Amino acid sequence: MNAAAYLRSRLTETPSVAVILGSGLGAFAESLDNAVAVPYSTIPDWPQSTAIGHAGKLVAGRFHGQNLIVLSGRAHLYEGYTPQQAAFAVRVLGRLGVKSLVVTNAAGGINLSYGQGSLVLISDHINLQGANPLTGPNDDSLGPRFPDMSEAYDAAYRAIAKHAAAQLNIPLPEGVYAALAGPSYETPAEIRYLRAIGADLVGMSTVPEVIAAHHMGLRVLAISCVTNMAAGISTQKLSHQEVMETGLRVRDTFIELLTAVLPHLQGDPIG
Ligand code: HPA
């Protein structure tokens, strides 16, 4: 059985909205009612998460009356996964009928107007991972060979998120996310380079997922938590410990924002 068929056999509902949780946000998965939790280890072909802070399960359930799929744990290139594996979960979600994808992540802040713990709405990305999940034969039934990327991060969804954030008094600036393969953090010189080319945030995830989602016509909303200022901005050394601690500290605000935004993301796919 393939992953989508297996999940169809396990889930009673097929939600149209899915959320991918970044480092430190796993608790959100525990807030679903009538939840069905499916460990990644039981889903055929599903890449296992090896990163600390990533639980490794799909949870389907109801959140404030809305059916959701929540992915707690994702596959990263730095774990040795291919870009296709990093996008595998999104492909399966698309096949299950998900139309709207919310992607969250932990990121380093390059833009000096951000602070540690800022939430930032991703408006666009720069893919510096040297890899693309669409490499190889194109499945024309999913999307075009050369997908347009001029609005990978849905403008209407961004407006919804900004409106919700304003009502909650949560600052939510927009920023461009640069994706690197990792796992080493950037050098200060790399951060100066990233700032010069227009990046506001830096991270090691999200981009393969967004490319695959957009290729399939899913609408995408992506929000970063600035868990640390990027290398060289302060004298403090970067550590995964700090990333996890900031993620936890901001978790409640992040969940508050998601709670306000999610009910507005039901809707028709683009294209
Ligand atoms: N760089 C890359 N990825 C990250 C960072 C960072 O500073 N913080 C959290 N994820």
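To be clear, the structure that these remarks concern was listed above.
Residues numbered from 1 in each chain as written. Predicted model: local features only at pLDDT ≥ 70, side-chain atom pairs only at ≥ 80, totals over all residues. Heavy atoms only, no water.

Position of Y157 relative to the elements: it lies in helix α4 (residues 155-167). Judged by relative accessible area, which is 1%, Y157 ranks as buried. Each C-alpha atom of the pair Y157 and G247 lies 23 Å from the other, and the pair is 90 residues apart in sequence. Setting aside residues no more than four positions away along its own chain, Y157 makes contact with S100, R219, V220, L221 and L265. (Helix = DSSP H or I, 4+ residues; strand = E, 2+ residues; numbered from the N terminus. Buried < 20%, exposed > 50% of the residue type's maximum accessible area, 1.4 Å probe, protein only. Contact = heavy atoms within 4.5 Å.)

The subject of this paragraph is unusual backbone geometry. With an omega dihedral of 0°, the bond running from G182 to P183 counts as a cis peptide bond. Note on placement: P183 falls in the loop between β7 (174-179) and α5 (188-196). One non-glycine residue, N34, adopts positive backbone phi at about 50°. Tracing the backbone through its elements, the reader meets N34 in strand β2 (residues 33-39). According to the relative accessible area criterion, N34 is exposed, its value standing at 67%.

Glancing now at the nonpolar core. Ranked by size, the top nonpolar core spans 46 residues in total, and within it L7, I43, W46, L58, I69, L71 and L101 carry the most contacts. Those residues in contact with L101 that sit more than four places away from it in its chain are A18, I20, V90, L93, A213, L218, R219, V220 and L221. Grouped together as the second largest cluster of nonpolar side chains are 31 residues, V102, L119, L262 and L265 included. (Core = buried A, V, L, I, M, F, W, Y, C linked by side-chain atoms within 4.5 Å.)

It is worth spelling out empty space enclosed by the protein at this point. To find leftover empty space, a probe the size of one water molecule is rolled over the atoms. Summed over the entire model, instances satisfying the criterion amount to three cavities of 30 Å³ or more. Partitioned by chemical class, the residues of the lining of the largest cavity number eight nonpolar, two polar and two charged. Of the voids in this model, the second largest cavity is the one considered here, and its volume is about 50 Å³. As for the second largest cavity, its lining consists of G22, S23, L25, T104, N105, A106, C225, T227, G247 and F254. Mapped by element, the contributors of at least two residues to the lining of the second largest cavity are β5 (100-109), β9 (219-229) and α7 (240-261). It is β5 that provides the largest number of residues to the lining of the second largest cavity, a total of three residues. Classifying every residue of the lining of the second largest cavity by side-chain character gives four nonpolar, six polar and no charged. (1 Å grid on protein atoms, 1.4 Å probe; cavity = no way out; pocket = protein on both sides within 12 Å on 5 of 7 lines; lining within 4 Å. Points joined across faces, edges and corners; volume = space filled by probe spheres on them. Nonpolar A, V, L, I, M, F, W, Y, C, P; charged D, E, K, R; others polar.)

Considered for burial, the residues of helix α1 (residues 3-10) that qualify are A3, A4, Y6 and L7. Around the axis of α1, the buried residues are gathered within 160° of arc, so they sit on the same side. Here α1 starts with a cap whose side-chain oxygen sits 3.2 Å from the backbone nitrogen of A4, and that cap is N2. (Arc of directions from axis to C-beta. Polar contact = N/O pair within 3.5 Å; in protein donor to acceptor, adjacent residues only side chain to side chain.)

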